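Chain by chain, the residues:
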Amino acid sequence: MRFVPASTPLDDFLADAGSATDTGELLQRIGLFGSLGGATLAAGLLVLLAVVHRGSHAEIRLLLRVVAMAGLFMVIGAAVEVAGVADINGQAWPDALTSSAGSAAMMRLLGGLLVVLGLFDDVAPIGRPSSGTDAENEAENEAESSVRWVPSAASAFGMTGAIAALLSFGFDGHTVTEGPRALHALTNVVHVASGSVWFGGIVGLAVLALRRRADGSAAPLIVRFSSVATGALILVAVAGGLMTLMIVDGLGELTDTDWGRRLLLKTGAIGIAVAIGAYNHFVVVPALDRHPDGSTAMVARSRATLMVEATVLVLVVVLTVLLAGASTN
């Protein structure tokens, strides 16, 4: 009897990358990578700006430009998605929008447009002291350079667009075909939203560490983001576990189906990112908290871990796209 080795998740991933020859499926996957990556990046950066970031007006403008780029990425990706859905179903674009996948992609397209056009750099000063002595006036001038982003009424359209993009993931994929419809949709939205806080926050901190705060002054932001990321990771794990229970009928499906094998590969990638995050939380962050100005070695280490973690999370987005298109049979 000839022995045929079992395929591994990596084998399936590599084979899948080369076997997606159908134009419609390929377009849909490429588009989903753009719309999912853009949506999670935009939403996560907005949370970072509103909750974590404290710094200069120039930093806020930089991060909002990255958000706008993510929104544009979302628009292009969603348009490609719709083209893929139309090709798969042999329909014209307007007809493709009547399907769940097409309507969800259109939600992301409109959400991306709102993100690109509807965000403004309104700010408020932090801890501004009253005028008095020369020392107090100097402190006041310094405080004016430290501001926070205010998501005012002017940015309501952009915020709505980011929320609509996240909600769209409750209307396609396995949320439509597997498990209790409403519960699965809600769980998926929570999973994507909490993952976006993690992904967008890491990318935003990496951008600041490389472009604006190479001297180590990003340390307070990293410390502040650590607790936010911990909460997001807990939600990612809980929501992901619930969705797995709603999709699989037994543990055997994790190794016997395309969906299960890709889930294991994605879980491994997330595990690597979690390990890096744990190192940041328990080693880097306490060191930065004790020395806010940061030593040269610790600053370099924090930048390196942020870049590696961001890269791994991009891989997670790719695996999520492949997971969405996999069969559970």
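Attention in this report is confined to the structure presented alongside it. (Residues numbered from 1 in each chain as written. Predicted model: local features only at pLDDT ≥ 70, side-chain atom pairs only at ≥ 80, totals over all residues. Heavy atoms only, no water.)

1. Here's the deal with the overall build of the chain
Just so we agree on the cut-off: In DSSP terms, a helix is any run of H or I states spanning at least four residues, a strand is any run of E spanning at least two, and both are numbered starting from the N terminus. Each residue is placed in one exposure class: buried if its accessible area under a 1.4 Å probe, protein chains only, is under 20% of its type's maximum, exposed if it is over 50%, and partly exposed if it falls in between. Only heavy atoms enter the contact rule, under which two residues are in contact if any of them lie within 4.5 Å. The Shrake-Rupley method, run with a 1.4 Å probe sphere, supplies the accessible areas, and residue values consider only the shown protein chains as cover.
Within the chain, the secondary structure is distributed over 13 helices and two strands. The buried share among the 329 residues of the chain stands at 47%. Expressed as a percentage of contacts within the chain between residues at least 6 apart in sequence, the contacts between residues at least 24 apart total 77%. For the chain, the accessible area works out to roughly 15,600 Å², and carbon and sulfur atoms hold 66% of it.

2. Describing the packing of helix α2 (residues 23–52) against helix α10 (residues 219–247)
Using the following cut-off: Axis angles are defined between N-to-C directions and span 0 to 180 degrees, where every axis is a line fitted to C-alpha atoms and, for a helix, only to the segment in contact. Small angles under 35 degrees read as roughly parallel and large ones over 145 as roughly antiparallel, with 65 to 115 read as roughly perpendicular and the rest as oblique. Each crossing is labelled by how the near helix is turned from the far one, with a counterclockwise turn of less than a right angle marking it left-handed and a clockwise turn marking it right-handed. Put simply, Ala, Val, Leu, Ile, Met, Phe, Trp, Tyr, Cys and Pro go in the nonpolar bin, Asp, Glu, Lys and Arg in the charged bin, and everything else, Gly too, in the polar bin.
The N-to-C vectors of α2 and α10 enclose an angle of 110°; their axes lie 11 Å apart at closest approach. As far as their axial angle goes, α10 and α2 are roughly perpendicular. Both α2 and α10 take part in a crossing whose hand is right-handed. Contacts between α2 and α10 involve Leu48, Val51 and Val52 from the first element and Leu221, Arg224, Phe225 and Val228 from the second. Tallied by class, the residues present in the contact of α2 with α10 amount to six nonpolar, no polar and one charged.

3. Section: a nonpolar patch on the surface
The condition is simple: Only residues whose relative accessible area exceeds 30% and that take part in no salt bridge are eligible for patches, with like-charged residues grouped when within 9 Å of each other and nonpolar side chains (Val, Leu, Ile, Met, Phe, Trp, Tyr) grouped when within 5 Å. We define a salt bridge as a contact between a side-chain nitrogen of Lys or Arg and a carboxyl oxygen of Asp or Glu at a distance within 4 Å.
Side chains of Leu72, Ile76, Val116 and Leu117 sit close together on the surface and give an oily, nonpolar patch of about 380 Å² of accessible area. Secondary-structure elements contributing two or more residues to the nonpolar patch are α3 (57–89) and α5 (100–117). Following the sequence through the fold, Val116 ends up in helix α5.

4. Here's the deal with the layout of surface pockets
Note the cut-off: Residues are called lining when one of their atoms sits within 4 Å of a cavity or pocket point, these points coming from a 1 Å grid over the protein atoms alone, where a cavity is a set in which a 1.4 Å probe fits but cannot get out and a pocket is an open set with protein on both sides within 12 Å along at least five of seven lines. Grid points are joined across faces, edges and corners, and a volume is the space filled by probe spheres set on the points.
Of the pockets and cavities examined, the second largest pocket occupies roughly 280 Å³. Taken together, 21 residues make up the lining of the second largest pocket; nearest its centre are Ser226, Ala229, Gly277, Ala278 and His281. Mapped by element, the contributors of at least two residues to the lining of the second largest pocket are α9 (181–211), α10, α12 (258–290) and α13 (296–324). Class assignment of the residues belonging to the lining of the second largest pocket gives a composition of 13 nonpolar, seven polar and one charged.

5. Notes on the environment of Leu45
Note on placement: Leu45 falls in helix α2. For the pair Leu45 and Gly200, spaced 155 residues apart in sequence, the C-alpha to C-alpha distance is 4.7 Å. In contact with Leu45, not counting residues within four places along its chain, are Leu63, Val66, Val67, Gly200 and Gly204.

6. Regarding the packing of α2 against helix α7 (residues 156–167)
Where α2 meets α7, the closest approach of the two axes is 9 Å, and the angle between their N-to-C directions is 130°. It follows from the interaxial angle that α2 and α7 lie oblique. As α2 packs across α7, the resulting crossing turns out to be left-handed. Here Ala39, Ala43 and Leu46 of α2 lie close against α7, whose contacting residues are Met159, Ala162, Ala165 and Leu166. Of the residues belonging to the contact of α2 with α7, the class tally is seven nonpolar, no polar and no charged.

7. With respect to the pattern of salt bridges
Scanning all chains against the criterion turns up one salt bridge. When the shortest N-O distance is used, the salt bridge between Arg108 and Glu81 registers 2.9 Å. Of this pair, Arg108 sits in helix α5 while Glu81 is found in helix α3, placing the two residues 27 residues apart along the sequence. As far as burial versus exposure is concerned, Arg108 and Glu81 are alike and both buried.

8. Quick notes on the environment of Thr244
Formally: Any N or O atom pair separated by 3.5 Å or less is treated as a polar contact, with the protein-specific requirement of one donor-capable and one acceptor-capable atom, and with residues adjacent in sequence counted only for side-chain atom pairs.
By secondary structure assignment, the location of Thr244 is in helix α10. Overall, Thr244 belongs to the buried group, its relative accessible area being 17%. Along the primary structure Thr244 and Leu254 are separated by 10 residues, whereas in three dimensions their C-alpha atoms are 9.4 Å apart. The residues touching Thr244, leaving out its near neighbours within four places in the chain, are Leu254, Trp259 and Leu263. One polar contact links the side chain of Thr244 to the main-chain carbonyl oxygen of Gly240, over a distance of 2.9 Å.

9. Describing the packing of aromatic side chains
Put simply, the rule is: Stacked, edge-to-face and tilted labels apply to pairs of Phe, Tyr and Trp rings (six-membered ring for Trp) whose centres lie within 6.5 Å, assigned for plane angles under 30 degrees, over 60, and everything in between, in that order.
Counted under the stated rule, the structure contains one aromatic pair. The interplanar angle of 85° and the centroid separation of 6.3 Å between the aromatic rings of Phe33 and Phe73 together place this pair among those described as edge-to-face. A residue pair is termed long-range when its members are at least 10 positions apart, and Phe33 in helix α2 and Phe73 in helix α3 qualify at 40 residues. Overall, the relative accessible area of 29% leaves Phe33 in the partly exposed class. According to the relative accessible area criterion, Phe73 is partly exposed, its value standing at 43%.

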